[in-house]
Amino acid sequence: MIHSIHFDEPLELECGGVLPGVTVAYSTFGTMSPERDNVIWVCHAQTANSDVPDWWAHTVEKGRFLDPERYFVVCANILGSPYGTTCPMSINPATGEPWYGSFPHITIRDMVHCHMRLARHLGIDHVEMLIGSSMGGYQCMEWTIMEPAFTRRLALIATCDRQMPWAIAFSESQRMAIRADQSWGEPRPDAAAAGLAAARSVAMLSFRGREAYNISQDDPDRDTKTGDYRVSSYQRYQGKKLANRFDAYSYTTLLNGTDSHNVARGRGSVQQALSAITAPTLIVAITTDNLFSIEGHGNLIKYIPNNQLHIIESDYGHDGFLVEHNQLNDIITTFYNETV
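Rules and cut-offs
- Residues numbered from 1 in each chain as written.
- Predicted model: local features only at pLDDT ≥ 70, side-chain atom pairs only at ≥ 80, totals over all residues.
- Heavy atoms only, no water.
- Helix = DSSP H or I, 4+ residues; strand = E, 2+ residues; numbered from the N terminus.
- Buried < 20%, exposed > 50% of the residue type's maximum accessible area, 1.4 Å probe, protein only.
- 1 Å grid on protein atoms, 1.4 Å probe; cavity = no way out; pocket = protein on both sides within 12 Å on 5 of 7 lines; lining within 4 Å.
- Points joined across faces, edges and corners; volume = space filled by probe spheres on them.
- Nonpolar A, V, L, I, M, F, W, Y, C, P; charged D, E, K, R; others polar.
- Patch = residues over 30% accessible without salt bridge, like charges linked within 9 Å, V, L, I, M, F, W, Y side chains within 5 Å.
- Areas by Shrake-Rupley, 256 points an atom, 1.4 Å probe, with all protein chains shown as cover.
- Salt bridge = Lys/Arg side-chain N within 4 Å of Asp/Glu carboxyl O.
- Pairing = 2+ DSSP bridges.
- Axes fitted to C-alpha atoms, helices over the stretch in contact; angles between N-to-C directions.
- Contact = heavy atoms within 4.5 Å.
- Right-handed = clockwise from strand over helix to strand, strands pointing away.

(A) The arrangement of unusual backbone geometry in detail. The residue Arg-36 is not glycine, and still its phi comes out positive at about 55 degrees. Counting through the fold element by element, Arg-36 comes out in the loop between β4 (22-29) and β5 (39-43). By relative accessible area, which is 37% here, Arg-36 ends up partly exposed. Phi at Ala-158 is positive, roughly 50 degrees, even though this residue is not glycine. Counting through the fold element by element, Ala-158 comes out in the loop between β10 (154-157) and α4 (165-180). When its relative accessible area of 0% is taken as the criterion, Ala-158 is described as buried.

Given below as structure tokens:
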């Protein structure tokens, strides 16, 4: 069930801006126990939403690691996302119009501060597990560093201690595509829609990677010389699909926020930051991940005190965390049971 809560207290942002109150959309699954000791909090990735089954298939099901008959599962839509939480499409109280391009710069830490407000509102002072993939993992790390006692277990899937240059390069190419759209900057929800579609096409290359494309998008007619290749249609479809459900202002806001990720910022070093994590930590990497290689998880493995690494075999790149739900379920369920 999707809920919404508005917090009147201004939110001071890490980059110096202020939001005069924030609305947070969130979803819950299952029933919280009287002792409040069965909560699992999911932090979602960039263009997902709080409705976990909508984007993470076969997870919020009986017998799975987010079993709603056993756990009370919470997921909050992130700050800057157009799925119910304050974002560029929200009304700026100072003008009575949507923020659009004037929305202030936000970081991962700002997103986590919204999560913290929601947790306090729900009366949740600790969770049994905090879990996140990709950008969701960024939120989990920040939250656990800021409040080490908040979670009894931490699951970090296909993620990293900072946004690496390779990932930022994909972000910048997407921003360039959006800014190249002549309607970028116009005060309307569909501004730069074509640029947004092109940006998503760029992003798909980083999500799936070579192996997945060569397996799933090959043309049955190998003699084709010109024309509408299967993969060409796929790229256009993915671009249009996002442009129909997102807006360019929110998308660039989230790209910028993702690129800001660096757990070491203001904390001395990455070792000092990650060593603050006291919960038993599961680290999951994917063999063909084009964004977060197995080696890219090195700082997490090296500096989080109590961790275990598991590797998922997959041809589907970074999106393997969405596709390989059976492997992931076995890994997370075993981790949870071993740390009871």
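So much for the structure itself; the text now carries on.
(B) How the structure looks around the layout of surface pockets. A volume near 850 Å³ is recorded for the largest pocket. If you go around the largest pocket, you meet 38 residues; those closest to its centre are Thr-47, Arg-200, Phe-207, Asp-319 and Leu-322. Secondary structure elements with two or more residues in the lining of the largest pocket: α1 (52-55), α3 (135-146), α4, α5 (193-216), α6 (230-245), α7 (248-259) and α10 (320-323). Considering every element that reaches the lining of the largest pocket, the biggest residue donor is α5, with six residues. Here the lining of the largest pocket is composed, by residue class, of 20 nonpolar, 11 polar and seven charged.

(C) Looking closely at a nonpolar patch on the surface. Together, Ile-301, Leu-309 and Ile-311 give the surface a local cluster of nonpolar side chains, amounting to about 200 Å² of exposed area. Locating Leu-309 in the fold gives a position in strand β12 (residues 307-312).

(D) Representation of the sheet that holds β10 in the model. Spatially, eight strands are ordered β1-β4-β6-β5-β9-β10-β11-β12 in an open sheet, and the strand pairing comes out mixed. With partners counted over all chains shown, the strands left at the sheet margins are β1 (2-7) and β12, one partner each. Averaged over neighbouring strand pairs, the angle between their axes works out to 20 degrees when direction is ignored. The pairing of strand β9 (residues 129-133) with β10 spans four bridges and is classified as parallel. Each residue of the ladder has a partner; that of Ser-133, found in β10, is Ile-157. Strands β1, β4, β5 and β6 (72-76) of the sheet are contacted by helix α2 (residues 108-121), whose axis makes an angle of about 60 degrees with β4. Each of β5, β9 and β10 is contacted by α3, which is oriented at about 145 degrees to β9, the strand it contacts most.

(E) The pairing of β10, seen in detail. Alternating positions in β10 separate into two faces, Leu-154 and Leu-156 on one and Ala-155 and Ile-157 on the other, with burial throughout. Chirality of the crossover, the property in question, places the unit of β9, α3 and β10 among those that are right-handed. Relative to strand β11 (residues 281-286), β10 is paired through four bridges, and the arrangement is parallel. Directly across from Ile-157, in β11, lies its bridge partner Val-284.

These figures come from the coordinates and say nothing about function on their own.
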